[in-house]
Every structure is written in structure tokens, then in C-alpha cells.
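Listed below, chain by chain, are the residues.
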Amino acid sequence: QVQLVESGGGLVQSGGSLRLSCAASGSIFSVDTMRWYRQALGEQRELVARITSGGITNVSGSVKGRFSISRDNAQNTVYLQMDSLKPENTAVYYCNADLRVVGRGPSRNYWGKGTLVTVSS
């Protein structure tokens, strides 16, 4: 069984930094694109950043220059570095990945359970 487990969320003051991690575990054959989404209270879930297996990244315009995404392919882990945080960045951050399970055919999409980031003013 495949799991995506996020960590690193918490409470931080405006202007501070946090680094989120998401580790994929289980009978994984390969991990393709990995993504971070977020969902603020009462809002729709939105894509924050994504990174391909080859390291090509895209970051949402709303956080570009403050957030960056990276990954460790050997550890099947993706990171989201968040700097200069603002109260409006408060949300549950979710990890998402396209990955192939050993012996299970094509790539499928998986979600983590999320980690809460709260930015105080």
C-alpha cells in the first residue's frame, strides 16, 4: 500500500519560514510528477507547485519568489520551502504524486492527508 505522508507544518509568524516534506512509501516502482496543493478554509484546493522526476519545476504566480519546490528521488521525497510567509498563506497543504506501484501497471495519482500551516500576523 502506498502512502504519502506530509510533515513540517505548524504555526509561524508573518515573515517567517517553514519547510514542508512529503515522503512516499510502499511498493513503489517509480515516482513521476510530485505536487503541493493547499486549501484555505472555505476555499477550493489550489496547486502551489509541482516538480517532474527530471527536476523541472513550476510555482504558482501567487507565491513565486517566496516558495520553492525540490525533491530527493532516492528518498521519494518532495519538499516545499516557504519563505516570507503571509497570513493569507494559512491553509492545509497537501502532497500529491503520480507514481507507479510495483506490478500494478500505469501511473496513478495519490494524495497525502495534509499538514496545517498557520501564519499569524
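Structure: above.
Residues numbered from 1 in each chain as written. Predicted model: local features only at pLDDT ≥ 70, side-chain atom pairs only at ≥ 80, totals over all residues. Heavy atoms only, no water.

Enquirer: Please set out the pairing of strand β5 (residues 46-51) residue by residue, giving values where relevant.
Expert: The sheet contact formed by strand β4 (residues 28-39) and β5 spans 5 bridges and is antiparallel. The residue of β5 that forms the bridge with R35 is R50. Hairpin connection from β4 to β5: 6 residues lie between these consecutive antiparallel strands, with G42 at a positive phi of about 80°. With 3 bridges connecting them, β5 and strand β6 (residues 57-59) associate as antiparallel partners. Its bridge partner lying in β6, I51 is registered against T57. Once β5 ends, the chain turns through 5 residues before running back antiparallel as β6, passing G55 with a positive phi of about 95°. (Pairing = 2+ DSSP bridges. Helix = DSSP H or I, 4+ residues; strand = E, 2+ residues; numbered from the N terminus.)

Enquirer: Residue-level account of the state of the cysteines, with values.
Expert: One pass over the full model with this rule turns up 1 disulfide. Between the sulfur of C22 and that of C95 lies a disulfide, 2.1 Å long from S to S. Disulfide C22-C95: the torsion about the S-S bond is -80°, which places it as left-handed. With a gap of 73 residues between them, C22 in strand β3 (residues 18-25) and C95 in strand β9 (residues 91-101) connect regions that are remote in the sequence. There is no split in this pair, since C22 and C95 are both buried. (Disulfide = S-S within 2.5 Å. Buried < 20%, exposed > 50% of the residue type's maximum accessible area, 1.4 Å probe, protein only.)

Enquirer: How would you sum up the sheet that holds strand β1 (residues 3-7)? Please name residues and give values.
Expert: Pairing is antiparallel across the open sheet formed by 4 strands, whose spatial order is β1-β3-β8-β7. Pairing within the sheet leaves two strands with one partner each, and these edge strands are β1 and β7 (67-72). In this sheet, neighbouring strand axes are inclined to one another by 15° on average, regardless of whether the strands run parallel or antiparallel. In this structure, β1 lies alongside β3, joined through 5 bridges in antiparallel fashion. The partner of S7 across the bridge, within β3, is S21. (Axes fitted to C-alpha atoms, helices over the stretch in contact; angles between N-to-C directions.)

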